[in-house]
Structure formats: C-alpha cells, structure tokens
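Notes for the structure review
Listed below are the residues making up each chain.
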Amino acid sequence: MGKLIRGVSKNARFFVVDTTNIVQEAQNIHRCSPTAIDAFGRLLTAGVIMGSTLKGNDVLTLRTDTNGELNNMVVTADSDGGVKGYLSNPSADVPLKDNGRSDVGTLVGKGILKIIKDMGLKEPYVGLSEINSGEIAQDLAYYFYNSEQTPTVIALGVKLKDENTVEYAGGYMIQLLPDADDDFITALEQKIEAIRPMTELMAGGMDIKRIAKLLYEDMNDENAEKLVEDYEILEEREVKYNCNCSADKFYRGLITLGKDQLADIFKNEKELEAECHFCGKRYKFVEDDFKDILGK
C-alpha cells in the first residue's frame, strides 16, 4: 500500500504521495529496465495524484504516445486510490546522464500526452497536450497550465536500490487557487527552487506529512520578513496498484468477436488464452464456454 495526503491553504491545494509499494508492484509485473521503471513510476505516481481529484465512479487514463524507445505508456486511476498501468516496451533503456541520473527524457522522447476522464457521461472528456521534455512532471505542469489554466508545480521521482528493487517513489503537486496572492507565488517559486528532489527527501527520512510541512514552512520573499501560509490536511488515504480484471470481463470482450470468428478459432485451438496487460494474469477459455453463442 502507498499513502497520499490531500490538503488546502488560502492560496493553493496540494497533494503528497508515497508510491514506493505501487511502483515496486509495477516492476514485479512488468520487469522494466531501470530507466523504464523510472519513467513508468513517475506516470503511475501522477495517476495516483490526479485520481484523488476524481469523484464517485470517475476513471482517469493517462496515455503517452512518443517517439522515444519507450513508445507509449498507459496509466488508469480511480477515485478510490487504485492505479494500474502498462507500457509497450518495458525493456527499453538508455545510458545514464553525465551526472549519474537516469535519462528519462530521452527514453520517453517527444510526442502527445492524452488525458481521458470517464465521468459516466455519453462521451469521456479527452485532453491532448504536447510532451516536450519527456520528464513527465514538466509535461503535466504544461498540460495543467495550458489546458486547464491552472498554474501547477509537480515533482515526481523514483529511486532504485538495484535493478529490480524500488527504494523510494513518490511525488507532490501544488496547484494555485484563483486569485492567489503574488507574495505566495513568489515565495513558492523560491521554495521549489531550493527544495531537494522528492526521493532525496524520502531518503532523508521524511514522510509525506513532513514533506507537506516542508513545502509551506519558512516561505520568505524580498518584500516580507516572513510569509506564513497556514494549511489544512483534508484527507489521508491508502493507495495501491489495483487491477480489477476478471474472467467475466475478458469473456464479454471475447464474445464481441462474433460466432464465426470464435468458431474459426476453435477449429484450430483447444483453448483460447487472454492475458491482462495491466497485471499479467492469464485467463483460459474452451469451446464449451461459448456454447450459447456457437449453438453447441
């Protein structure tokens, strides 16, 4: 289980999340290269944060289509703290940067970020935004500013202990409220420039509540000796990697193939196997499972 807190202050709303266990579960399922799990873990973390803004049975999907070796990633999140995802080329990798950090931007490349919100209406909301940096956080901030007119600070990170072990993963997002004070904006910009990366804060022993406090404490600017912004934590919740696939869902999908195509498949095969992209679980069906459709 991961953990998320959501809160608000006079000038902003914020989210801080620990997704270490979620990203580890994704790594156990998809067996990604070190750079691929860094990129994928960031998108999963963003999905958890954005999913926490949903209501009822709303579902959010984030999809990247890019020219990098990773090609595309898909993450789906719900309002209950569940998230899942898959990526088209989990083994893709690139050399580290000169500073020793993973080169997520090169692996992801440039392209399009698609944000799909299924809110139970006739058609889902679909937003499109450019991916220019490939670093995920910057590209999401660009989306919020240009598509939703919401100035947003977002930080995402994944740190590996070894190729298969996620040591830390998490992130935070701060979104300015309408008519936010200029002094607060200036102080926030200075704080974000000074603060260490998310995974370094976690490695230093900070939990998500302490990180939230850090984001707000001692906010100074040139025009104020000390600017104090009180904040309130509205919610604490557990979040998790959660795939809700089932044999029934796959069965309902397979019957859309139609009688003729199913009959043709079972002429040559004794069983039909389907695999879930999100969790890797396999479901097997035999001809007798479709007897009502095939007329046998």
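Residues numbered from 1 in each chain as written. Predicted model: local features only at pLDDT ≥ 70, side-chain atom pairs only at ≥ 80, totals over all residues. Heavy atoms only, no water.

Turning next to the packing of helix 5 (residues 182-194) against helix 7 (residues 208-216). Packing of helix 5 against helix 7 leaves a shortest axis separation of 9 Å and a crossing angle of 125°. In terms of axis orientation, helix 5 runs oblique to helix 7. Contacts between helix 5 and helix 7 involve Phe184, Lys191 and Ile192 from the former and Leu214, Leu215 and Tyr216 from the latter. (Axes fitted to C-alpha atoms, helices over the stretch in contact; angles between N-to-C directions. Helix = DSSP H or I, 4+ residues; strand = E, 2+ residues; numbered from the N terminus. Parallel < 35°, antiparallel > 145°, perpendicular 65-115°, else oblique. Contact = heavy atoms within 4.5 Å.)

Now for the sheet that holds strand 3 (residues 59-66). The strands making up a sheet associate through backbone hydrogen bonding, with each pair oriented either parallel or antiparallel. Here 10 strands make up an open sheet; going across it, the order is 7-6-3-4-5-12-1-2-9-8 and the pairing mixed. The strands lining the two open edges of the sheet, one partner per strand, are strand 7 (125-131) and strand 8 (152-162). Between one strand axis and the next, the sheet turns through 15° on average, direction left out of account. Along the sheet, helix 7 makes contact with strand 1 (2-9), strand 2 (12-18), strand 9 (165-176) and strand 12 (231-241), crossing strand 2 at roughly 145°. (Pairing = 2+ DSSP bridges.)

By the element assignment, Thr64 lies in strand 3. We classify Thr64 as buried; its relative accessible area is 2%. (Buried < 20%, exposed > 50% of the residue type's maximum accessible area, 1.4 Å probe, protein only.)

As enumerated under the stated definition, the model contains 17 salt bridges in all. For the salt bridge of Arg42 with Asp38, the shortest nitrogen-to-oxygen distance reads 2.9 Å. A residue pair is termed a helical-turn pair when its members lie 3 or 4 positions apart in one helix, as Arg42 and Asp38 do in helix 2 (residues 34-51) at four residues. The buried category is assigned to Arg42, whose relative accessible area is 11%. The class for Asp38 is buried, based on a relative accessible area of 5%. Lys159 is the partner of Glu167 in a salt bridge, and the nearest nitrogen-oxygen pair spans 3.0 Å. Assessed through its relative accessible area of 30%, Glu167 is described here as partly exposed. Residues joined in a network through salt bridges with shared partners are Glu271, Glu273, Glu275, Arg282 and Lys284. (Salt bridge = Lys/Arg side-chain N within 4 Å of Asp/Glu carboxyl O.)

Its identity is not glycine, yet Gln149 carries a phi of approximately 50°, on the positive side. Along the chain, Gln149 turns up in the loop between helix 4 (137-147) and strand 8. Positive phi outside glycine occurs at Asp179, with the angle close to 65°. Taking the relative accessible area as the measure of exposure, Asp179 reaches 76% and is therefore exposed.

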